[in-house]
Amino acid sequence: MKSIRKQMLVYLMIGALILFGMLILATNIILKDLPTQTKEQYSEIVNARADEVSKELQGFVDQINMISNSSITRTMDLEQIKEYLPNILLDGKHRNMTIAYPDGRGWSTSIDELDISNQEQYKEIFINGKDGIISQPFINPYSKGGKEAIVTIAHSVKDDNNKTIGLVNIVIKVDFLNNIVRQIDLKGHGYSWIVNKNGDVVAHSNPKTIMSKNIKDYIHNDEDTVERISEMGSGVIEYKDENDVKLLAFFHRIKGSPDWTFIISIEEMEIYREINGLKNAMLLSIVIGLISLVIFSIYYSRTLTEPILSLKETFIEAANGNLNVKANEKIPNELGLAAKSFNTMLEQIKDLTYKDSITDLYNYNGFLLELSSKMEASPVKDTIAAIVIVSIDDFKRINTIKGYKFGDSVLYNLAQNINNFINHGEIIARFLGDEFILFLQGKEEEELKDRIIDLRKLCNREIEIMDYQFVLKTSIGASVARKADITIDEIIHQATVAKLIVKKTGGDNCRFYNYELDQFIIEEQKIENDLYHSIENNELKLVYQPIIEVSNNKVETVEALLRWTNPLYKTMSPLVMIAIAEQSSLILEIGQWVLKQACMQNKTWQNKGYPPVVVSVNVSAIQLEQRNFVEMITEILQETKLEPKYLELEITESSAMDGVEEKLIKIQQLKDMGIRISIDDFGTGYSSLSYFTQLPIDTLKIDRSFIMNMLKDENSKIIINTIIYMAKSIQVDITAEGVETKEQLEYLKQRGCDKIQGYYYSRPVDHLDIEEMLDKEMDC
Ligand code: C2E
Ligand code: CA
Ligand code: CA
């Protein structure tokens, strides 16, 4: 499985690398043109500087033109000129001004008499007939202190006939050029200078070199450099100096000058140094950026995935069953919301898993969870603990008679009562449908047992729900033990056994677990096991008890009753047998065997030519709930070829009452087939007779207990009379069971009872004994 953190880191890293690559590429593209640009910049500088020099020179030329054209000058009258020239303002660049005659004699503002016939201007103007010149620099022959390079700018003076009658010139200190040259700041990696046509240095940052050095003194590798500079007028050339350092010379011819060229010499390295510097700076920032990006990526992938990973851990823990985990809701993004939803969902799951919606109590899962923490966390090991199971008796019936809503209210009511009863640190939970399980604790065993007995009083009392008052009955099983001596599983098992025994012995009681109860259960399991083999071992048989028709004293019905012939269990009441069989699916097998056996026997009697009787078979509630019960009976009737009207099914009053809807449908189906239906043990349940008007029944069998007591107990009499009276009104036959005496018989006959069953006529007997009763009237 891929880790989201690694994935995110990889993506961020890939992004960073792509960005890095792109920046390098962009840097190279940007820097590629930089040398050309830098070179262009230098060319521009050199052009501008050359122009500046050019303008300066032009200024001088204009000035000398103006002087030479002035009327005073043109008189060539020295006296007048002497007055005039010094009045012309000269700035610091001018050394002096001179006027000369064609014979070379001259006067200057600084020297009274001088001869210029050996000077350049003389030659050019008087001999070569030029109008004006700018001389090459030369050392001022008149300068007093130190060498001083000067340039003369001269112009002819003409008379009206345009004949050269003299010249005027300005002497300028070359320094003014040096100033321009020095102004260019090349930060020590280059310098600017001016050379003339011959390569002689005209201006230089080092004034000593002027007219004493030639360009060739600087350029070492290239002989025709001077010629190339002169030819090209403007451009750039490469050369090496005396130290073999490579330089670039940007040059531009100075317009209006005597073939001077302005040069900027700069180390080639310098141009690239700048670029390399820039490149390095850019690379450095990219690398720093990249490192920051990597650090940020790691940090970001961590901070971003941290909550995701912690959520993942929470989910896994919850999936592993720990519903108490909490996701971090404080994450300041959608994950926080997701965590909140998850927590809400977990709360709901917890409620569904651990809570019972009807009673608001824990359910069994919640109980176990709480219990394990309470049993283990208790600091006092010799505390006494108790598990109590409270089971409502006949809860199914309460549900059937009063409806599920009422049933829920009963549960809720009882839950609240018990909840108020328990102390802090104790637990109550809804166990199974109609059962509650409690964990109680105390210091003394006896004290705890007394509390449980009090609990029984609390549970078994009259309650009022929805304006209906009734006495609630419960079966309570409890196990009390020292915490250190018992496990949770054991103590719950023991309480369950105790409760089971209470149920088996009729309910409405409270029992504490002891060893004998376990033995009882073990014994019961052995019986169940033996019963399981009873059919295949041929140990089951049916006996029949005749039911006598009062109107003709004849046996028209016989009730089939089950017997177990195994010598170990010969005396066992079929009631106990049936109860054990009902604890498993064994009852279905036995019930089916009984039905088939009874039908077969009845058909045999008919085949033998006896007057046909109805065989009445007891049906357990569980059988009636069996999905294919109707089909099973249909099959048996087909197989045994017994007509349905000779089969009667006895359904006890209580079993007929549970889950009425489905049973009603089944009973109706059986009735429609022609099978007779009777309600057994009538009067023992809570049902009202009117309820039975809904059921398609043929016979009501008044329970034996009423018959037994009727002669000494007025109440029983009243009940019997009421049942007979009401049965008549809905046209249902009445059978009285358990009739043992003549008195009972006479009374019942007199009251209009239709059928009599009991020892008075016959005990349940073998099928052969029945044959003797079938074709004769019974004595009464
Ligand atoms: P029950 O359906 O009420 O059956 C009548 C019981 O009353 C029988 O007991 C019968 O022997 C007894 N009895 C009849 N007349 C008298 C009398 O005058 N005095 C006294 N003291 N008893 C009388 P038995 O055979 O012991 O059956 C007990 C119960 O076992 C039956 O009560 C019935 O609920 C159940 N049972 C028996 N056989 C079957 C069966 O095949 N299937 C089912 N589901 N239950 C059966
Ligand atoms: Ca019966
Ligand atoms: Ca009965």
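Predicted model only: the values in this text are computed from it and were never measured.

K.L.:
Explanation requested: a nonpolar patch on the surface in the structure shown.
P.N.:
A cluster of nonpolar side chains, namely Val 10, Tyr 11, Ile 14, Ile 18 and Met 22, defines an oily patch on the protein surface of about 530 Å² accessible area. Inspection of the secondary structure puts Tyr 11 in helix H1 (residues 4-32).

K.L.:
I tried to follow the packing of helix H2 (residues 34-69) against helix H9 (residues 268-319) on my own but got confused; where do I start?
P.N.:
The relative placement of two packed helices comes down to the angle between their axes together with the axis-to-axis distance. For the pair H2 and H9, the least separation of the axes is 10 Å and the interaxial angle reads 135°. With respect to H9, the axis of H2 lies oblique. You can see that H2 and H9 cross each other, and the crossing is right-handed. Of H9, the residues touching H2 (which contributes Leu 34, Pro 35, Thr 38, Lys 39 and Tyr 42) are Ile 271, Tyr 272, Ile 275 and Leu 278. The residue makeup of the contact of H2 with H9, split by class, is seven nonpolar, one polar and one charged.

K.L.:
Help me understand the coordination of the calcium ion (ligand 2), please; the structure alone is not making it clear to me.
P.N.:
Reference values for angles at a metal are 109.5 degrees in the four-donor tetrahedral case and 90 or 180 degrees in the six-donor octahedral case. Here the calcium ion (ligand 2) is held by Glu 559 (OE), Asn 618 (OD1), Glu 650 (OE) and Asp 680 (OD), and the distances to it run 2.1 to 2.4 Å. The sequence pattern formed by the donor residues of the calcium ion (ligand 2) is E-x58-N-x31-E-x29-D. The two metals, the calcium ion (ligand 2) and the calcium ion (ligand 3), are separated by 4.0 Å and share Asp 680 as a common coordinating residue. Linking Asn 618 in strand E22 (residues 614-619) with Glu 650 in strand E23 (residues 647-652), this pair joins segments that are 32 residues apart in sequence.

K.L.:
What's the story with the packing of aromatic side chains in this structure? I'm lost.
P.N.:
Aromatic ring pairs: the centre-centre distance and the angle between the two ring planes describe each pair. Applying the stated rule across the entire model yields 15 aromatic pairs. Ring geometry for Trp 564 and Tyr 569: centres 4.2 Å apart, planes at 20°, overall stacked. Accessibility assignment for this pair places Trp 564 and Tyr 569 in one class, buried. An aromatic cluster is present here, built from Tyr 191, Trp 193 and Tyr 218 joined pairwise through their rings. One residue, Lys 402, lies across the ring of Phe 406, its end atom 5.7 Å from the ring centre. The ring of Tyr 759 carries Arg 763 above its face, with NZ or CZ at 3.9 Å from the centroid.

K.L.:
What exactly am I supposed to notice about the coordination of the calcium ion (ligand 3) here?
P.N.:
Here the calcium ion (ligand 3) is held by Asp 680 (OD), Asp 681 (OD), Glu 737 (OE) and Glu 737 (OE), and the distances to it run 2.2 to 2.5 Å. Donor residues for the calcium ion (ligand 3), ordered by position in the chain, follow D-D-x55-E. Assessed through its relative accessible area of 24%, Asp 681 is described here as partly exposed.

K.L.:
Just checking my understanding: could you explain empty space enclosed by the protein for this structure?
P.N.:
The rolling of a water-molecule-sized probe over the atoms marks out the regions of remaining empty space. All told, the structure shown has two cavities of 30 Å³ or more when counted by the stated rule. Taken as a whole, the largest cavity holds about 120 Å³ of empty space. The wall of the largest cavity is formed by 16 residues, among which Asn 96, Thr 98, Leu 114, Tyr 142 and Val 171 lie closest to the centre. Within the lining of the largest cavity, the residues separate by chemical class into eight nonpolar, eight polar and no charged. Roughly 30 Å³ of volume is contained in the second largest cavity. If you trace the second largest cavity, you find it lined by Ile 547, Thr 557, Glu 648, Thr 699, Thr 735 and Lys 755.

Definitions and limits used
Residues numbered from 1 in each chain as written. Chains lettered and ligands numbered in written order. Predicted model: local features only at pLDDT ≥ 70, side-chain atom pairs only at ≥ 80, totals over all residues. Heavy atoms only, no water. Patch = residues over 30% accessible without salt bridge, like charges linked within 9 Å, V, L, I, M, F, W, Y side chains within 5 Å. Areas by Shrake-Rupley, 256 points an atom, 1.4 Å probe, with all protein chains shown as cover. Salt bridge = Lys/Arg side-chain N within 4 Å of Asp/Glu carboxyl O. Helix = DSSP H or I, 4+ residues; strand = E, 2+ residues; numbered from the N terminus. Axes fitted to C-alpha atoms, helices over the stretch in contact; angles between N-to-C directions. Parallel < 35°, antiparallel > 145°, perpendicular 65-115°, else oblique. Left-handed = near helix turned anticlockwise from the far one by under 90°. Contact = heavy atoms within 4.5 Å. Nonpolar A, V, L, I, M, F, W, Y, C, P; charged D, E, K, R; others polar. Donors = N, O, S within 2.8 Å, 3.2 Å for Na, K, Ca; no water. Phe/Tyr/Trp six-rings, centres within 6.5 Å; stacked < 30°, edge-to-face > 60°. Buried < 20%, exposed > 50% of the residue type's maximum accessible area, 1.4 Å probe, protein only. Lys NZ or Arg CZ within 6 Å of the ring centre and 35° of its normal. 1 Å grid on protein atoms, 1.4 Å probe; cavity = no way out; pocket = protein on both sides within 12 Å on 5 of 7 lines; lining within 4 Å. Points joined across faces, edges and corners; volume = space filled by probe spheres on them.

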